[in-house]
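Each chain, written out:
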Amino acid sequence: MSIAVLGAGAFGTALALSLAREGHEICIWARDAATVDAINSDRRAPRLPGIPLPEAISASTDIATVARAGTLLLAVPMQSLHAVLTRIESPLAGQRLVACCKGVDLQELTGPTGVIAHAKPQAIPAILTGPSFADDIARNLPTALTLACRDEAAGTALQQQLSTGALRLYRTTDTSGAELGGALKNVIAIACGACIGEGLGDSARAALMTRGFAEMTRLAAKLGARPETLAGLSGLGDLALTCTSELSRNYRFGLSLGKHERFDPSLTVEGVKTAEAVSRLAAKLGIELPICAMVHEVGGGGTSVSEAITYLLNRPLKEE
Ligand SMILES: NC(=O)C1=CN([C@@H]2O[C@H](COP(=O)(O)OP(=O)(O)OC[C@H]3O[C@@H](n4cnc5c(N)ncnc54)[C@H](O)[C@@H]3O)[C@@H](O)[C@H]2O)C=CC1
Ligand SMILES: O=C(CO)COP(=O)(O)O
């Protein structure tokens, strides 16, 4: 079954590279002609500078044609997923739609597989998520990710199809747990970056990571996800990577908040809108996610990092 990628950003291109190394011909859909030209003529991807692209990778602005592939990797930012899917007229019946984005949609308050299920009910939704920087995958460094698909047979086929010599995929049917882990770790990474940027130290960061993980598992449990999924690559694994590495844009955005520095607005930082979406979701479900709420407040400019920390430290004492 053929594979195509929607979205010519860093992650989509990195996945295309990894699959091209295994012998697949991959076409990438990009919304702008300049990106298509850079890929087809210059053999380079604007969001992955310095990495040459093989001939097996091509690009096109014709989404209807690209979307005919049996397996579609959806590598656009979370808040644009719905709009991209509705650009495609076909119902994509029986095609495997693998979300490669991390977040919660602000309109629907669901993760990417929920957005896929609403927009293309006849397709098979799946998600590929976990600890991986696009640059590492593009350079063929060893990486392990979670492939989640409720349809066990389709999940097994996708695991086989998308695993490579360096990219090892673990399979689950718990799409909800996989996507919530990937979405919330970005919010906690912003909190950790802000904490380090503000000069509050590594102990404070460890506290935020641990209590942030408690928020991730609380929301996931409320939505019927399995705790072991949150403890796996897509949850704890990605939390560990993103909260401790300056290669993460979410972490760096948090650093800039703590240091009161400007941040490049053209960079994709999924955690800001996800913090807003999960804060709304928490209110709807009647649960508390105080770190996520503070990231939403600080990200929106309503509260300073030091006020947020004071708030978190002064909450009522409780059992762990
Ligand atoms: N970069 C990384 O290391 C990783 C990224 N991801 C996830 O992949 C997703 C995409 O991120 P990146 O590739 O890093 O972002 P990016 O900023 O490198 O690229 C985003 C791409 O989407 C396109 N795009 C943006 N809005 C669009 C719209 N409305 N319609 C069509 N195309 C649109 C942009 O033109 C760009 O080509 C995010 O959800 C991110 O969390 C996941 C794992 C690793
Ligand atoms: O999701 C990622 C690593 O797993 C990439 O993190 P950033 O989006 O914060 O750069």
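Analysis parameters
Residues numbered from 1 in each chain as written. Chains lettered and ligands numbered in written order. Predicted model: local features only at pLDDT ≥ 70, side-chain atom pairs only at ≥ 80, totals over all residues. Heavy atoms only, no water. UniProt positions renumbered as here; feature names shortened; annotations may be inferred. Domains from an automatic or database assignment. Contact = heavy atoms within 4.5 Å. Buried area = accessible area lost by both parts, 1.4 Å probe. Salt bridge = Lys/Arg side-chain N within 4 Å of Asp/Glu carboxyl O. Helix = DSSP H or I, 4+ residues; strand = E, 2+ residues; numbered from the N terminus. Expected span 1.5 Å × (residues − 1). Buried < 20%, exposed > 50% of the residue type's maximum accessible area, 1.4 Å probe, protein only. Near = heavy atom within 4 Å. Polar contact = N/O pair within 3.5 Å; in protein donor to acceptor, adjacent residues only side chain to side chain. Areas by Shrake-Rupley, 256 points an atom, 1.4 Å probe, with all protein chains shown as cover. Nonpolar A, V, L, I, M, F, W, Y, C, P; charged D, E, K, R; others polar.

As annotated in an unreviewed UniProt entry, the protein chain carries the name Glycerol-3-phosphate dehydrogenase [NAD(P)+] and comes from Salipiger bermudensis. Comment text from UniProt for the protein chain, heading Pathway (unreviewed entry), reads "Membrane lipid metabolism; glycerophospholipid metabolism." As recorded by UniProt, the Sequence similarities (unreviewed entry) comment attached to the protein chain reads in full: "Belongs to the NAD-dependent glycerol-3-phosphate dehydrogenase family."

### Observations concerning the domain arrangement of the protein chain
Domain annotation of the protein chain identifies domain 1 (3–173) and domain 2 (177–313). Inter-centroid distance (C-alpha atoms) of domain 1 to domain 2 is 25 Å. The interface is formed by 28 residues belonging to domain 1 together with 28 residues belonging to domain 2. Taken together, both faces of the contact between domain 1 and domain 2 bury some 2,200 Å²; the carbon and sulfur share is 64%. Inspection of the region where domain 1 meets domain 2 yields 1 salt bridge.

### Here we look at helix α9 (residues 202–222)
With 21 residues, α9 extends 30 Å from end C-alpha to end C-alpha; this agrees with the ideal 30 Å at 1.5 Å per step. When α9 is considered as a whole, its buried residues turn out to be R205, L208, M209, G212, A214, E215, M216, L219 and A220. Directly after α9, the chain includes G224, whose backbone phi takes a positive value near 85°.

### Points about the site of ligand 1
In the vicinity of ligand 1 lie 21 residues, with A10, A134, R249, T268 and E270 positioned nearest. With respect to ligand 1, the side chain of R249 contributes an N or O atom lying 2.8 Å from an oxygen atom. In the environment of ligand 1, an oxygen atom lies 2.5 Å from a nitrogen or oxygen atom belonging to the side chain of E270. Burial of ligand 1 by the protein chains amounts to 87% of its free accessible area of 830 Å². Taken together, the residues of the shell around ligand 1 break down into 12 nonpolar, 4 polar and 5 charged. Formed jointly, the shell around ligand 1 draws a minimum of three residues from each of two domains, domain 1 (3–173) and domain 2 (177–313).

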